[in-house]
Amino acid sequence: MDLLDQIERELGKTDLPTVRVGDTVEVHYLISEGDKERVQLFVGTIIALAGRGLRRTVKVRRIVQGEGVERTFPIHGPRVKDMVVTRRGDVRRAKLFYLRDRVGKKTRVKELLGEKVRRDRLEEKARRQAMSDAANAAEETSAPDQGAAVES
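Position numbers for residues start from 1 in each chain and track the written sequence from start to end. Per-residue local features of the predicted model are confined to residues with pLDDT of at least 70, and side-chain atom pairs are confined, for both listing and counting, to 80 or more; whole-chain, interface and lining totals are unaffected and use all residues. Computation of side-chain values covers all heavy atoms of the structure but excludes hydrogens and water.

Visitor: Explain the pairing of strand β3 (residues 57-64) to me, and be specific about the residues and the numbers.
Guide: Relative to β3, strand β2 (residues 36-50) is paired through five bridges, and the arrangement is antiparallel. When the sheet's bridge partners are listed, Thr-45 is paired in β3 with Arg-61. Between the end of β2 and the start of β3, which pair antiparallel, lie six residues, with Gly-51 showing a positive phi angle near 75 degrees. As defined by bridge partners, β3 adjoins strand β4 (residues 67-74) across eight bridges and the pair is classed as antiparallel. Bridge pairing links Ile-63 to Gly-68 in β4. By this definition, two strands are paired if DSSP reports at least two bridges between them. Put simply, DSSP H or I for four residues or longer makes a helix, DSSP E for two residues or longer makes a strand, and each gets a number counted from the N terminus. The loop that links β3 with its antiparallel partner β4 comprises two residues; one of these, Gln-65, has a positive phi angle of about 50 degrees.

Structure below.
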């Protein structure tokens, strides 16, 4: 096991949804204004994913008052409190940078409906179960055996 992978597994968030390019997400982001902090929503379409592991980032685009706004969020960052998928997008590209040139209804991404969404949800549930099983197994193997006495 690589040392970096082990550190990333310990420090990374465990309860993240499976996000893909084309999905519409609500990013709950912690904003600090003076001495106060609050959670602000950034609702938009994922146009790009980058990095892997703890360094994974999501580029989200939305339209505000007719102007396109893009923001890059580190998925495992401490200021990202939650990421909720509201719609699954049905796209055939890894990067949706072509949406930057489009205006109005042309910026809409087709929604993934029906059996494909159910399959995605089942796969995500199985992935989460496998991750929790692996975490439980790691805890059991790393805990010292308290029942055994050491004699010298």
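Visitor: Please set out the pattern of salt bridges residue by residue, giving values where relevant.
Guide: By definition here, a salt bridge exists when the distance from a side-chain nitrogen of Lys or Arg to a carboxyl oxygen of Asp or Glu is within 4 Å. As enumerated under the stated definition, the model contains seven salt bridges in all. Between Arg-38 and Glu-33 there is a salt bridge; the shortest N-O distance is 3.0 Å. Note on classification: 1.4 Å probe, protein chains only; a residue is buried when its accessible area is under 20% of the maximum for its type, exposed when over 50%, partly exposed between these limits. With relative accessibility at 42%, the residue Glu-33 sits in the partly exposed group. When the shortest N-O distance is used, the salt bridge between Glu-70 and Arg-61 registers 3.0 Å. The class for Glu-70 is partly exposed, based on a relative accessible area of 28%. Salt bridges sharing common partners tie together Arg-61, Glu-70 and Arg-100.

Visitor: I'd love a proper account of the nonpolar core, names of residues and values included.
Guide: What we call a nonpolar core is a set of buried Ala, Val, Leu, Ile, Met, Phe, Trp, Tyr and Cys residues that are connected through their side-chain atoms within 4.5 Å. One finds Val-19, Val-27, Val-58, Val-60 and Met-83 to be the most contacted residues of the largest nonpolar core, which totals 21 residues. It is β2 that provides the largest number of residues to this core, a total of five residues. Contacts are assigned to residue pairs with any non-hydrogen atoms lying within 4.5 Å of each other. With sequence-adjacent residues up to four places away left out, Val-60 is seen in contact with Val-25, Val-27, Phe-42, Gly-44, Thr-45, Ile-46, Val-69, Glu-70, Arg-71 and Phe-73.

Visitor: Report on the sheet that holds strand β1 (residues 24-33), specifying residues and quantitative values.
Guide: Strands pair in a sheet through their backbones, by hydrogen bonds, and they do so in one of two ways: parallel or antiparallel. Pairing in this open sheet of five strands is antiparallel, and the strands run β4-β3-β2-β1-β5 from one edge to the other. Taken across any chain shown, the strands that pair with only one partner, and hence form the sheet edges, are β4 and β5 (80-87). Sheet twist, expressed as the average angle between the axes of neighbouring strands with direction ignored, equals 40 degrees. To get an axis, a line is fitted to the C-alpha atoms, and for a helix only the part in contact is used. The angle between two axes follows their N-to-C directions and goes from 0 to 180 degrees.

Visitor: Before we move on, could you go through the packing of aromatic side chains and cite the residues and values that matter?
Guide: Two aromatic rings from Phe, Tyr or Trp, using only the six-membered ring of Trp, form a pair when their centres are within 6.5 Å; if the ring planes differ by under 30 degrees the pair is stacked, by over 60 it is edge-to-face, and anything between is tilted. In the structure shown here, the tally under the stated rule is two aromatic pairs. Judged by centre distance (5.5 Å) and plane angle (65 degrees), the ring pair of Phe-42 and Phe-73 falls under edge-to-face. Separated by 31 residues along the polypeptide, Phe-42 in strand β2 and Phe-73 in strand β4 bring together distant segments of the chain. The two residues Phe-42 and Phe-73 agree in class, both being buried. Put simply, the rings of Tyr-29, Phe-42 and Phe-73 touch in pairs and so form one group of aromatic residues. Whether a charge sits over a ring comes down to the Lys NZ or Arg CZ being within 6 Å of the ring centre and within 35 degrees of the ring normal. A cation sits over an aromatic face here: Arg-62 above Phe-42, 4.4 Å from the ring centre. Here the basic side chain of Arg-71 rests over the ring of Tyr-29, its NZ or CZ set 4.6 Å away from the ring centre.

Visitor: Residues and numbers for the environment of Lys-110, please.
Guide: Residue position: Lys-110 is located in the loop between β5 and α2 (115-142). The class for Lys-110 is exposed, based on a relative accessible area of 57%. Note: C-alpha distance between Lys-110 and Arg-92 (18 residues apart in sequence) is 11 Å. With sequence-adjacent residues up to four places away left out, Lys-110 is seen in contact with Arg-87, Arg-88, Gly-89 and Asp-90.

That's the geometry; what it means functionally is another story.
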